[in-house]
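# Summary of structural features
Single-letter residue listing:
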Amino acid sequence: MIPWSWEFLTSEKYLGLDPDKLAFTVFEGDEDCPRDEEAANLWRSCGVKDDHLFYLPKEHNWWGPAGITGPCGPDTEMFIIKDQPPCGPDCSPACSCGRFLEIWNDVFMQYNKQKDGTFIPLKQKNVDTGMGLERLAVVCQGVDSLFDVDTVMNITHKVSEITGAHYGDSHKTDVSLRVITDHIRSCTFMVSDGILPSNEGRGYVLRRLLRRAARHGRMLGIDHPFLVDLVETVIQSSESAYPELREHDAYIKKVIGTEELRFGIGFHPAFNVPFDEKHTTTDYEFRFDQPESPVILDARPNGLLSGKCYYQWKNQQAIPLTDDLFANDSFCICLLYTSDAADDLT
């Protein structure tokens, strides 16, 4: 497998990557299993220099088992070396400095972990291999990140066209542009595969992604539903490889458009939902006042939200009360004390 991996990475018939821009890791060995010299020597036989070959511990170069026991084994990982200086004399793919970008790995399933923690050789061994397709696109297109790949950047450009915000303006803007780009892309594929927004399972994941993208749109100044306008760009960027997106385009737009509108009416201050001044909050009900006014949450006199209150918020709004929510200056919480909650303290 290793000679095939080397050929695919470096041969002009395939990717034609510069061998001097590649680095490789293998398992360094421990008290359980020996150093993987077989993998290291195979890389050397392909032409890999020793200073491009790194021995790393289990936390970096081992896969499995999936449970407490079962098949597992060492792996070898393949990296692109970015055009940035080493972070220090011990700089390696184990660093978090960003100099090394993993693009592929080969897992050698050759051991069976037992209940007592020992590892015995498998009678039938195999290789499990996995490559990051979009990471490879980053490398082949010579860009800095996934968000700079042509198909993904098309979506970001559309977001910029709608919002007037541009990639590189500020870190805060970049985060919002990336969140919207990533989430609308994921959601388009999820809906195409038949997933619908809901409060359970994968439908809840879809709802969370859509609502987080909508909220970041608000942070960029968008005051109207906009996610459905991005679906067409996602489809255009990916339909050559995924023709089912075009086949389902009307359905995808309807599902995403309906969910975004529902979110706007029920929660988001940017959609100017009229506020009924006569309305009084009941247990665990959430309402927004006019734009820039607080969210109203039922709470206890000590300022803590009850478990039921938080659960209701999380399920109705599909947005957890986390730090990034409050990082938006236009978002604040108004806690209303209820007589029932006050009775708890008497």
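Our structure is the block above this text.
Summary of the structure given here. No experiment lies behind these values; they were computed from the predicted model shown.

### Some points on helix α7 (residues 227-238)
Counting along an α-helix, one turn takes 3.6 residues, and residues three or four places apart therefore face a common direction. Taking 1.5 Å per residue as the helical rise, α7 with its 12 residues ought to reach 16 Å, and the 17 Å between its terminal C-alpha atoms agrees with that figure. Of the positions making up α7, those classed as buried are L227, L230, V231, T233, V234, I235, S237 and S238.

### Notes on the environment of L196
With respect to the secondary-structure elements, L196 resides in the loop between α5 (171-192) and α6 (201-219). Looking at L196, the relative accessible area reads 45%, which means it is partly exposed. Separated by 60 residues in sequence, L196 and I256 have C-alpha atoms that sit 9.0 Å apart. In contact with L196, not counting residues within four places along its chain, are G203, L206, Y251 and V255.

### Details of the nonpolar core
If you look at the biggest cluster of nonpolar residues, it comprises 28 residues, and the most contacted ones within it are I180, I184, L206, L227, L230 and I256. When contributions to this core are tallied by element, the ones reaching two or more residues are α4 (150-163), α5, α6, α7 and α9 (249-266). For this core, the element with the highest residue contribution is α5, accounting for six residues. Each residue touching L227, except ones within four places of it in the same chain, is listed here: I180, I184, L210, A213, A214, I256 and E260. Of all hydrophobic cores here, the second largest spans 22 residues; its members include V26, C46, V48 and I103.

### With respect to the pattern of salt bridges
This model, assessed by the stated rule, comprises 16 salt bridges. The salt bridge partner of K158 is E161, with a shortest N-O separation of 3.2 Å. You can see K158 and its partner E161 sitting in helix α4, three residues apart, about one turn around the helix. Take K158: its relative accessible area is 23%, and that puts it in the partly exposed class. For R211, the salt bridge is made with E259, and the minimal N-O distance between the two is 3.2 Å. Of this pair, R211 sits in helix α6 while E259 is found in helix α9, placing the two residues 48 residues apart along the sequence.

Thresholds, definitions, all that
- Residues numbered from 1 in each chain as written.
- Predicted model: local features only at pLDDT ≥ 70, side-chain atom pairs only at ≥ 80, totals over all residues.
- Heavy atoms only, no water.
- Helix = DSSP H or I, 4+ residues; strand = E, 2+ residues; numbered from the N terminus.
- Expected span 1.5 Å × (residues − 1).
- Buried < 20%, exposed > 50% of the residue type's maximum accessible area, 1.4 Å probe, protein only.
- Contact = heavy atoms within 4.5 Å.
- Core = buried A, V, L, I, M, F, W, Y, C linked by side-chain atoms within 4.5 Å.
- Salt bridge = Lys/Arg side-chain N within 4 Å of Asp/Glu carboxyl O.

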